[in-house]
Amino acid sequence: MHWTLLKTGLRDAMRRPWLTGLMLFSVALGVAVVVAIDLANDSAARAFHLSTEAVIGRATHVIQGGPGGIDDDVYRRLRVDGGYRLSAPVVEGYAGVEEMGGQTVRVLGVDPLAEAPFRSYLTLPRTPASDGGNFDALTAFYTRPGGVLVGAESAARFGLRIGDRISLRVDSARKTAVIVGLLKAPNDVSARALEGLMLADVSTAQEFFGMRGRLSRIDLIATPEIAGQIAARLPPGLALAPASEQSDTVTQLTAAFQLNLTAFSLLALMVGMFLIYNTVMFTVVQRRQMLGILRCLGVTGRQIFALIMAEAAIIGTVGSVLGVLLGIVLGRFTVALVTQTINDLYFSVTVRGVDVQAATLLKGAVLGIMAALIAAAVPSAEAAAVPAITALQRSDLEDRVRRMLPALTRTGVVMAVAGLALIIFVQSSVFVSFAGLFVFLFGLVFCVPQLTVYLMRVAAWLLGRWGMLGRMAARTVTNALSRTSIAIAALMVAISVTIGVTVMIASFRTTVENWLDQTLLADIYIAPPQSSANRAVSMDPALPDRIAAVPGISGIEIYRNVSVASPSHGPVRLNAVTSRRGRGASVYRFRNGSPDEIWAQVLSGALIITEPFANRLRLNLGDHLSLLTDQGPHDFLVAAVSYDYSSDQGSVLMSLDTYRRYWNDSAISSVAAYVAPGADAGRVEDAVRAALGGAVVRVQANRALRQTALVIFDRTFAITAALRIVAVVVAFIGVLSALMALQLERTRELGTLRATGMTIPQLWRLTLLETGLMGATAGLLSMPVGLAMSLVLIYVINLRSFGWTIFFSPVPEVYVQALAISIAAALLAAVYPMQRMSRMQAATALRSE
């Protein structure tokens, strides 16, 4: 393309700063959403991976035991009797630190003398004490009661110094620790790995977590041959696993959650593509006369195409750069939402900033540029294909659009069917399901022009009864189909996404509420404070007796929630429970089977597995699940599959008697208490609090616990609601740009109407009718599309992503709200173009005739 031609086009773009800014905004916003979500996902996952690497270090294998840990005599025999010197004992747990704003930290109990081969940068330097003297940190680490090390950056952030005492909240108890040294990592990556990590001596950590004589695991550096020899010598109840298994588990835990967020962010970019299309089309409309003159002067259609595409590439590049910068800023806010959800549902993670990866920024920039080029291709091709003699004739474009309608509609139907086929028949991949959803949506977009024609015929017949303006408005929408159909499609997609996601969330919330009503039957629940749904917590085993002795308590249930190993399926979340008399398994909803018969099997040693667990591992009624017990591997019968919404990874349930028969673990995780008939529940709750004295536990009534669960649910979907708002805003701007293009093209037509006697108020009514019809069309089309999307999200995407069945709830008010929002957005978008037209004189509009 000739350089002079490009300069002419860019100079013309600079003379329209608002329009150029609109294009830049459309690209930047779409890119920013994608980058922000990716940064948040990557930052949270990378933070956990870094902390896991800091904890695992150079270990190749780990020896794991049951919930009660490993007898530390195993380590002695392994190192002294067996001669395996590349081994290190580890006690691991979580604690809340009041002096760090209640932040949950990972406490790692280690033996410094065995640590050098594993975690070399966790050194213990000679450190100045707070009183100005010197002491050996290694000596203090061993001898100072409660002595711990924390990261230097964390200490500086919270104003902590060596010698300070800090209060730890460990399950249902408070412990006091003393900072005896600071961990200084050799580089930034290691410093980030130390975020949320606290180091203690093995014996100190054992005291913190009530694990005297027990270890959480034993780290090893071993060849496959040596690992095999060690595994063969392990006592029953212990297993040897690759050290990388923890990181792999993290990836599996959050994969579905992060994929869903990424897909929704791409939907926002998809809506942004409509905006880019409308904006580029607007520039073509504004320069139609100039382009016609250039064609008459000998510029070829190919050069016109290259000119517009080059402009789109430049604007797309600049917009992508701005979008990447905006995405980094938005990522700092988005990461808080993503991290909170991960802490609520998966594992504890500390993220203090956005971890910016070059690959994420490059992906966002490439997506923005590609979106700009794809969206600009159609307007560019239109401008290039118009012969010079008809370049100034608007009717030529509309004639070609009408001729294309049948083929366009057929293509749309084929794409929609193909998308549904991908969704229904390819069941092995959630990614393919999302791809099918996108293809389905694009197919419906191609059907919008023909559907708009049909609806406008109905509108012309209905509105014609109230005067000529109604017929004119409907015909204008049809006559400018190349402009109006794109704006209608953009608004339809945005509103349908809103409907689909809203119905999905509302259905899920209704399902969870029903599930909570069925499972939370106790009146009062007592549990330790916790910040992650995926780690075990415990409370004083003496507390249940104190609770049962409170006047007004008719009975209690005891729960133990732990993670155990399965030789074939990795970590398994296990819930053990005692059953209150007469209740049995009636609180659980099963796929099939009698609750009484199922509970009888559970009391005999069988398991109940949740639906997500069953779907993830492809297990069903009558199968067996192998779990590593303290007596060695044992196969448990699956008595039933229950509907459950507490974890997308699923869990298994057994009776507490069965659990204690196979695991040497007398700890408890929580207690449910029932108030006697006629007793005042509020007073009994207060009495329970008083009976528990200074124990660090949460005492919650049924209603409060239910509300807490719903708060976590709403917080989980907060980021999805934000993405819906972005999509609607982008669609609104798309309608605005389409209306501006339409009003610009109709300048002479509107001038003629003014010259023949039409008043400004009549022009306003005409324009508002046109935009109202566009909004109503988009709203009406979005209803079936949104319904179809909600069904796909509920019965396909969520089931394949998370493994749980959601029961559909129609939420009829959502459709009324969607129609109202669609019409309101279209009417508001008409205000600015009409204000411009109101100030234009009829003579000026007709001057070029």
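Look above for the structure.
What counts and how
Residues numbered from 1 in each chain as written. Predicted model: local features only at pLDDT ≥ 70, side-chain atom pairs only at ≥ 80, totals over all residues. Heavy atoms only, no water. Buried < 20%, exposed > 50% of the residue type's maximum accessible area, 1.4 Å probe, protein only. Helix = DSSP H or I, 4+ residues; strand = E, 2+ residues; numbered from the N terminus. Pairing = 2+ DSSP bridges. Axes fitted to C-alpha atoms, helices over the stretch in contact; angles between N-to-C directions. Parallel < 35°, antiparallel > 145°, perpendicular 65-115°, else oblique. Left-handed = near helix turned anticlockwise from the far one by under 90°. Contact = heavy atoms within 4.5 Å. Nonpolar A, V, L, I, M, F, W, Y, C, P; charged D, E, K, R; others polar. Salt bridge = Lys/Arg side-chain N within 4 Å of Asp/Glu carboxyl O.

J.: Please set out the pairing of strand β12 (residues 217–220) residue by residue, giving values where relevant.
T.: The alternating pattern of β12 places Arg217 and Asp219 on one face and Ile218 and Leu220 on the opposite face, and all of these are buried. Both strand β1 (residues 61–64) and β12 contribute to a ladder of four bridges, which runs antiparallel. Residue pairing in the sheet places Gln64 in a bridge with Arg217 of β12.

J.: How would you summarise the packing of helix α15 (residues 430–463) against helix α17 (residues 481–519) if you had to cite specific residues and measurements?
T.: Look at α15 against α17: their axes get within 9 Å of each other, and the N-to-C directions meet at 130 degrees. Between α15 and α17, the interaxial angle falls into the category oblique. The two elements α15 and α17 meet at a crossing, and its hand is right-handed. Residues Leu441, Val445, Val448, Pro449, Thr452 and Val453 of α15 form the contact with α17, whose own contacting residues are Leu481, Ser485, Ile488, Ala489, Met492, Val493 and Ser496. Considered class by class, the residues forming the contact of α15 with α17 number ten nonpolar, three polar and no charged.

J.: Can you lay out the pattern of salt bridges for me, pointing to particular residues and giving the numbers?
T.: A complete count under the given rule lists eleven salt bridges for this structure. The partner of Asp686 in a salt bridge is Arg689, with the nearest N and O atoms 3.8 Å apart. Taken together, the positions of Asp686 and Arg689, both in helix α22 (residues 681–691) and three residues apart, correspond to about one turn of that helix. Judged by relative accessible area, Asp686 falls into the partly exposed class, the value being 48%. Under the relative-accessibility criterion, Arg689 is labelled partly exposed at 37%. One salt-bridge network, held together by shared partners, links Asp73, Arg76, Arg77 and Asp81.

J.: Describe the packing of α15 against helix α26 (residues 760–802), with residues and values.
T.: As a packed pair, α15 and α26 sit with axes 9 Å apart at the nearest point and diverge in direction by 155 degrees. Of the possible angle classes, the one that applies to α15 and α26 is roughly antiparallel. Considering the relative orientation of α15 and α26, their crossing is right-handed. Grouping the constituent residues of the contact of α15 with α26 by class yields 22 nonpolar, four polar and one charged.

J.: Describe the environment of Val811, and please don't skip the residues or the numbers.
T.: Position of Val811 relative to the elements: it lies in the loop between α26 and α27 (812–829). On the accessibility criterion, Val811 (12% relative accessible area) is buried. Put simply, Val811 and Val503 are 308 residues apart on the chain and 6.3 Å apart in space, counted from C-alpha to C-alpha. Apart from residues no more than four positions distant in its own chain, Val811 is found in contact with Val503 and Ala506.

J.: Please set out unusual backbone geometry residue by residue, giving values where relevant.
T.: In this model, Arg618 sits at a positive phi of 55 degrees, which is unusual for a non-glycine residue. Along the chain, Arg618 turns up in the loop between α20 (611–617) and β18 (624–629). Residue class for Arg618 comes out exposed when judged on its relative accessible area of 74%. Here the phi dihedral of Val811 falls at roughly 50 degrees; this positive angle occurs in a residue that is not glycine.

J.: Tell me about the environment of His634, and name the residues and values.
T.: Structurally, the position occupied by His634 is in strand β19 (residues 632–642). Taking the C-alpha atoms as reference, His634 lies 9.7 Å from Pro567; in sequence the two are 67 residues apart. Setting aside residues no more than four positions away along its own chain, His634 makes contact with Leu625, Ser626, Leu627, Thr629 and Tyr662.

J.: Could you give an account of the sheet that holds strand β21 (residues 670–675), naming the residues involved and the relevant values?
T.: Within the open sheet, the nine strands sit side by side as β18-β19-β17-β20-β16-β15-β21-β14-β22. Their pairing is mixed. On the outer flanks of this sheet lie β18 and β22 (698–701), each paired with one strand and no other. Strand-to-strand, the axes of this sheet are offset by a mean angle of 30 degrees, without reference to chain direction. Taken together, the eight bridges between strand β15 (residues 553–566) and strand β16 (residues 570–577) define a ladder with antiparallel strand orientation. Bridge pairing in β16 links Ser566 to Gly570.

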